[in-house]
Structure formats: structure tokens, C-alpha cells
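Geometric and topological summary
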Amino acid sequence: VPTVAREAALDQARQTIQAHTATVERLTQREAKLTSELAEATATGNALEHRVAEIEAALVAANARASYGQPDAGEQAVKRQAQLHAQLEQEVEKRRNLEQELARAQTALDNAEKQRSSVMTAATELWTERQARLDAQLATAADARNTLDREARELEAALAQARQTIQADSATVE
């Protein structure tokens with residue numbers, strides 16, 4: 001097997017492995033980014049839950065103050081309750097949006113992990129296949145080299161024999 005073809009196959013295998021390695025690195029970075037986004041979204045969700053609890057507590061307190069019978073307090077309590085209710089609705093909507101974003105981030109993270117795993121499997125299979133092919137080529141080359149070495153020794157022995165025969169014949173001619 002020509003050395004040039006073997007070197008070309010080896011170079012191609014290296015390039016393919018480099019490409020797969022770059023893909024794995026890119027997917028690993030994407031996974032890290034998505035994990036960070038997921039943690040950030042979780043923290044924001046927790047903050048929103050805390051804020052909703054505060055608003056609910058303020059609503060309960062406003063209702064309690066309104067029930068003490070102050071004439072203007074009732075109107076103010078109704079207005080405050082409406083404000084708090086509107087604010088609560090906004091916070092609930094923010095939470096829903098955040099949960100949807102969190103679900104999309106988790107899906108993207110799962111997909112990136114699957115893709116990374118798939119690329120790693122393909123790269124490993126390709127490397128194994130190329131390594132087996134290269135090993136077979138090396139074994140064939142070693143066999144060819146051994147055959148050539150044996151034939152060269154046989155030719156050298158035949159040449160030495162021929163020289164001896166020529167020397168013997170020339171000695172008898174003289």
C-alpha cells in the first residue's frame with residue numbers, strides 16, 4: 001500500500017476528528033450557556049414567587065385595614081386592592097412567561113446534550129474505523145516489506161553464487 005495513500009487517509013481521519021472535536025467543544029459551550037440561562041431563569045422565578053407572596057401579604061393587610069371601618073379607608077382599600085390585584089396579575093404573567101422560557105431552555109439543553117452525545121459517538125466510531133483500516137494497511141505494508149526483504153536476501157545470495165561461479169569459471173579458463 002503506497003505511503004502517500006496511507007498518509008492521506010491518516011490526514012483525512014485527523015481532519016474529521018478535529019471537526020468533530022470542534023463540534024463537541026461548540027456544543028459543550030452551548031450546554032454551559034444554557035445551563036447558566038436555566039439557573040438564571042430559576043433564580044428569577046424564585047424572586048417572582050417571593051414578590052407574589054409579598055403582594056398577597058400586602059393585599060391581606062390592606063383588607064384588614066379596610067375592615068376597621070374608616071370611611072375613606074374603605075375606598076382606599078378597594079383602590080389599593082385593585083392595584084395589588086393588577087400587580088399580582090402582571091407578576092403571574094411574568095412567571096408564566098419565565099416558565100415557558102425555562103422550558104424552552106431546558107429543551108434546548110437536552111437537544112444540545114443529545115447532539116453532543118451523537119457527535120461523540122460518531123467521532124468514536126469513525127476513529128475506530130479509521131484506526132482499524134490504518135492498522136490493516138500497516139500490517140499489509142509490513143508483510144510487503146518482509147517479502148521484499150526476503151526476496152532481496154535471496155537475490156543477494158543468488159548474486160553471490162553467480163559471482164563465485166564466474167570466478168570459478170574464469171579461474172579454469174586461465
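For clarity, every value in this text was computed on a predicted model and none was experimentally measured.

As a further point, take the overall build of the protein. What the protein contains, in helices and strands, is two helices and zero strands. Taken over C-alpha atoms, the radius of gyration comes to 41 Å for the protein, far larger than the 16 Å a tight globule of 174 residues would show. Counting only C-alpha atoms and orienting by the principal axes, one finds that the protein spans roughly 150 × 15 × 15 Å. Counting across all 174 residues of the protein, residues that qualify as buried make up 17%. For the protein, restricting intrachain contacts to residue pairs at least 6 apart in sequence, the fraction spanning at least 24 positions comes to 88%. Total accessible area on the protein stands at roughly 12,500 Å², and carbon and sulfur atoms take up 55% of it. For the protein, the distance from the average position of its 21 positive side-chain charges to the average position of its 28 negative side-chain charges is 5 Å.

Next up on the list: the pattern of salt bridges. Counted according to the given criterion, the structure contains ten salt bridges. Here Lys 94 and Glu 91 are joined by a salt bridge, their closest N and O atoms 3.8 Å apart. Of this pair, Lys 94 and Glu 91 both sit in helix α2 (residues 71–173), three residues apart, which is roughly one turn of the helix. Looking at Glu 91, the relative accessible area reads 8%, which means it is buried. Look at the salt bridges and you will find they share partners, linking Glu 49, Arg 95 and Glu 99 into a network.

Calculation rules
- Residues numbered from 1 in each chain as written.
- Predicted model: local features only at pLDDT ≥ 70, side-chain atom pairs only at ≥ 80, totals over all residues.
- Heavy atoms only, no water.
- Helix = DSSP H or I, 4+ residues; strand = E, 2+ residues; numbered from the N terminus.
- Rg over C-alpha atoms; globule rule 2.2 N^0.38 Å.
- Buried < 20%, exposed > 50% of the residue type's maximum accessible area, 1.4 Å probe, protein only.
- Contact = heavy atoms within 4.5 Å.
- Areas by Shrake-Rupley, 256 points an atom, 1.4 Å probe, with all protein chains shown as cover.
- Lys, Arg positive; Asp, Glu negative; His and termini not counted.
- Charge placed at Lys NZ, Arg CZ, Asp CG, Glu CD.
- Salt bridge = Lys/Arg side-chain N within 4 Å of Asp/Glu carboxyl O.

Honestly, it's all geometry; don't read function into it.
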